[in-house]
Every structure is written in C-alpha cells, then in structure tokens.
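Examination of the molecular architecture
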Amino acid sequence: MGTEHSKNEERRSMVFLRKGPKLPAWEDALLAGREPKSLLKRGLRYVSLSLIMKGMTSTPDFLWGLHEVQKLNLSRNQLVVIPPSLGKLDRLVVLNLGGNCLKCLPKEIGLLRNLKVLFVNMNCLKEVPAELSLCRKLEVLSLSHNCISQLPLSFSDLTSLRKLNLSNNRFVQIPLCIFALRSLDFLHLGSNKLENIAESIQYLVNLQILIVENNNIRSLPRSLCYISTLELLNADYNAIQTLPDDLYLLRRLRRIAWNPMDKGLHIAHNPLARPLPEVVEGGLDVLFNYLRDKKEHN
C-alpha cells in the first residue's frame, strides 16, 4: 500500500514538473550538468551566445569564462550593472546590451579591442566611459534612448566609427568630438534638445544620412551644403524659418521626402517663412531653383 502511494506521489510530481514554467536555456543547461560552452552557437562568421529576454537582473558568473564568444546578446533583460569581468571577453565583435536598466558601463569595456558593433540603446546611461575610445575598431554604436548630455573628448579617437545613433537623449548641442569622426556615414541626433548645428558639420565629409528631427533647431548652417555625399537630411519638427541659399549644392538629395524611410530632404512641420512653404510644395527642383535665383540676386 505504502509503495503504491509513493509511486502515485512520484507520478503527480512528474506531471507538475512537466506543467511548470520552462527554464531559461542557460539555467536548464546548468541544472542538467552540461558544460556552459554547449550554449554557444558556431555560425559561419561568429561564435555567438544569446541570452535575450531571460528576465535576468544580474549576469550569470559562467558567462565570463566563455572566452570564445564573439557575438553576445544580453538585450531585453533587467540588468542593472555589467561587471568589470566583461573585459575578459576580449574576442567580442558584437555586443548587444539594449533594453536593460544600466546606469553606467564598466571602464573595462575598453579592453574589448576587437569590438565592432555595440548597442546600449534603451537604458539609463547618463554618461559614456572615456575608455570606450580604446575600442578603435568600433564601426556601429547605438546609445539612443538614454539620458546622455555629453560625450568624453576621447570619443574623437573612434576613427573607424561609421554609424552613430544618439537619438532620444539630452544633448543641447552636438559634441565637438563628433566632428572628428570623418568616417561617419550615418548620424542620428533626433529627439534631443539641439538649438543649432555647428558649422563644423562640414568636416563629416562622408556623411550620407543626417537625422536631426524633433529638436529646437532654428536654422541650418551654410556649411552643411558642402557635404556632397548627403542623401538624406531629416530636419522635420524643428523651429526652422529659412533655408541656406546654397542648399541646392546637395545634389544627392533627390526629392522633398514625406515618408520617414525615404531618402531626400525632410523639412515638414517647421515654421518656414513665406514663400518657402509654397515653394517646398512644388518639389525639390522648384525649391533649388528658388534658392539659386535668390542667391544670384543678393
């Protein structure tokens, strides 16, 4: 009788376990006594590890022993801090920390000398460590949706950087160090508190996409017109009243764009002085001809 009762209890326990919440992959591996390295995926390009949406409030200790990992995704968790041990993963090429609760990054991030892509968007950062500038191979950096108002001067050492997203932060002006990043082809500064664009913008000679929508910008600098590579200029939702006469020099702007995804000139929702609103309605060619004629008669 006792033996039969024990077996029934065991069956009920097994059923309960099967119906319980599924363990995150990394916890499941450790409880099963498996080697943490079994979590690594070996693709054609990178050895990767994804711990996305695991509800983690802290990083598991075994992570810092996985020296082989080149692509690490810790996004969409509840991480409050990344420990200095991050510096041990010196083979990292891609690191995604987006969608957490990070208030700072460890200075040891500067030890990731092979890092090319870094996402720290949608966190609570107020500053960026100067040591990030030691990641000289960095090509793509997203710091959007944080609370950052300035960048360290050493940021200018990131000379390989091509794409930089600083949108939805607290910048009142474009940090001077950005104008030293001559390889930039994409710069997103939308939804900040910018009041102007410095004439130094002309030094970004490879810039193809510039987004400054939803700021407090009152005018576009004349020097912006000398960036011949520019294909998308989004200045929607600002306080712009006039346009520089030399804007027609931006020959790679193909149209007045209304869809946020389209290339061209985005200048909607600005208090443009007359007759500019009517001229803009006529299209880019009409606008450029108007500005060219205006310059010749001045």
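Residues numbered from 1 in each chain as written. Predicted model: local features only at pLDDT ≥ 70, side-chain atom pairs only at ≥ 80, totals over all residues. Heavy atoms only, no water.

Looking at an unreviewed UniProt entry, one finds the protein chain named LRC30 protein and attributed to Horornis vulcanius.

Considerations on the overall build of the protein chain
Cut-off, in case you're wondering: Under the scheme used here, helices are H or I runs from DSSP no shorter than 4 residues and strands are E runs no shorter than 2 residues, and both carry numbers assigned from the N terminus. Three labels apply to residues, based on accessible area from a 1.4 Å probe with only protein chains included: buried if under 20% of the type maximum, exposed if over 50%, partly exposed otherwise in between. A contact between two residues is defined here by any heavy atoms of the two lying within 4.5 Å. Computed with a 1.4 Å probe, the accessible areas rest on the Shrake-Rupley method; for each residue, only the protein chains presented here act as cover.
When helices and strands are counted, the protein chain shows four helices and eleven strands. A total of 298 residues make up the protein chain; the buried ones form 46% of that total. Sequence-distant contacts in the protein chain: of pairs separated by 6 or more residues, those separated by 24 or more amount to 31%. Of the accessible surface of the protein chain, which amounts to about 15900 Å², a share of 51% is contributed by carbon and sulfur atoms.

Focus: the nonpolar core
Definition in use: Within this scheme, the nonpolar core is defined by two criteria: the residues are buried Ala, Val, Leu, Ile, Met, Phe, Trp, Tyr or Cys, and they are joined through side-chain atoms within 4.5 Å.
The biggest cluster of nonpolar side chains holds 82 residues, and the ones touching the most others in it are Phe155, Leu164 and Leu287. Residue contributions to this core peak at four residues, all from helix 4 (residues 284–296). When near neighbours in sequence (up to four residues on either side) are disregarded, Leu287 contacts Leu243, Leu247, Ile256, Leu265, Leu276, Val279 and Val280. Core analysis: the second largest hydrophobic core is formed by five residues, Tyr46, Val93, Val117 and Val140 among them.

Focus: the pairing of strand 2 (residues 47–50)
How we decide: The criterion for strand pairing is that DSSP finds at least two bridges linking the strands in question.
Both strand 1 (residues 41–42) and strand 2 contribute to a ladder of two bridges, which runs antiparallel. Residue Arg42 lies in a different strand from strand 2, and its bridge partner there is Val47. Joining the antiparallel neighbours strand 1 and strand 2 is a turn of four residues. Inspection of the sheet shows strand 2 paired to strand 3 (residues 71–73) by three bridges, in the parallel sense. Its bridge partner being in strand 3, Leu49 is matched across the sheet by Leu72.

Examining unusual backbone geometry
Here the residue pair Arg274 and Pro275 is connected by a cis peptide bond, since its omega of 10 degrees sits within 30 degrees of zero. With respect to the secondary-structure elements, Pro275 resides in the loop between strand 11 (264–266) and helix 3 (276–281). Even without being a glycine, Asn168 presents a positive backbone phi close to 55 degrees. The phi angle at His269 is positive, at roughly 60 degrees, despite the residue not being glycine. The topology assignment puts His269 in the loop between strand 11 and helix 3.

Focus: the sheet that holds strand 1
Across the sheet, eleven strands lie side by side as 1-2-3-4-5-6-7-8-9-10-11; this open sheet has mixed pairing. Every other strand in the sheet has two partners, leaving strand 1 and strand 11 as the edge strands with one partner each. In this sheet, strand 6 (residues 140–142) lies alongside strand 5 (residues 117–119) in parallel orientation, the contact comprising three bridges. When the sheet's bridge partners are listed, Leu118 is paired in strand 6 with Leu141.

Section: a positive patch on the surface
Convention followed: Here, patches come from residues exposed beyond 30% relative accessible area and free of salt bridges, joined within 9 Å for like charges and within 5 Å for nonpolar side chains (Val, Leu, Ile, Met, Phe, Trp, Tyr). Should a side-chain nitrogen of Lys or Arg be within 4 Å of a carboxyl oxygen of Asp or Glu, the pair is scored as a salt bridge. The charge count includes Lys and Arg as positive and Asp and Glu as negative, but it does not include His or the ends of the chains. Think of each charge as sitting on NZ of Lys, CZ of Arg, CG of Asp or CD of Glu.
A cluster of basic side chains, namely Arg45, Lys71, Lys116 and Lys137, defines a positive patch on the protein surface. Locating Lys116 in the fold gives a position in the loop between strand 4 (94–96) and strand 5.

So, the confidence of the model for the protein chain
Operational definition: Residue-level confidence of the predictor, termed pLDDT, takes values from 0 up to 100.
Chain-level statistics for the protein chain give a pLDDT mean of 91 and a share of 89% at 70 or above. In the model, residues 10–20 has pLDDT below 50 throughout and makes one contact with residues more than four positions away in sequence or in other chains.

Quick look at the pattern of salt bridges
Counted under the stated rule, the structure contains twelve salt bridges. In this structure, Glu278 engages Arg274 in a salt bridge whose closest nitrogen and oxygen atoms are separated by 2.0 Å. For Glu278, a relative accessible area of 42% gives the class partly exposed. The network of salt bridges with common partners includes Glu139, Arg162, Lys163 and Asp185.

Re helix 4
Here is the rule we go by: For a helix, the expected span equals 1.5 Å multiplied by the residue count minus one. In this context, the arc is that of the directions from the helix axis out to the C-beta atoms.
With 13 residues, helix 4 should reach 18 Å at 1.5 Å per residue; the first-to-last C-alpha distance of 18 Å fits that figure. When we look at burial in helix 4, the residues that qualify are Leu284, Leu287, Phe288 and Leu291. Take helix 4 and look down its axis: the buried residues cluster within an arc of 95 degrees, on one side only. Summarising the geometry of helix 4, the exposed residues directed more than 90 degrees from the buried face are Asp285 and Glu296.

A look at the side chain of Ser144
In this fold, Ser144 is placed in the loop between strand 6 and strand 7 (163–165). The class for Ser144 is buried, based on a relative accessible area of 5%. In contact with Ser144, not counting residues within four places along its chain, are Val120, Asn121, Met122, Asn165, Leu166, Ser167, Asn168 and Asn169.

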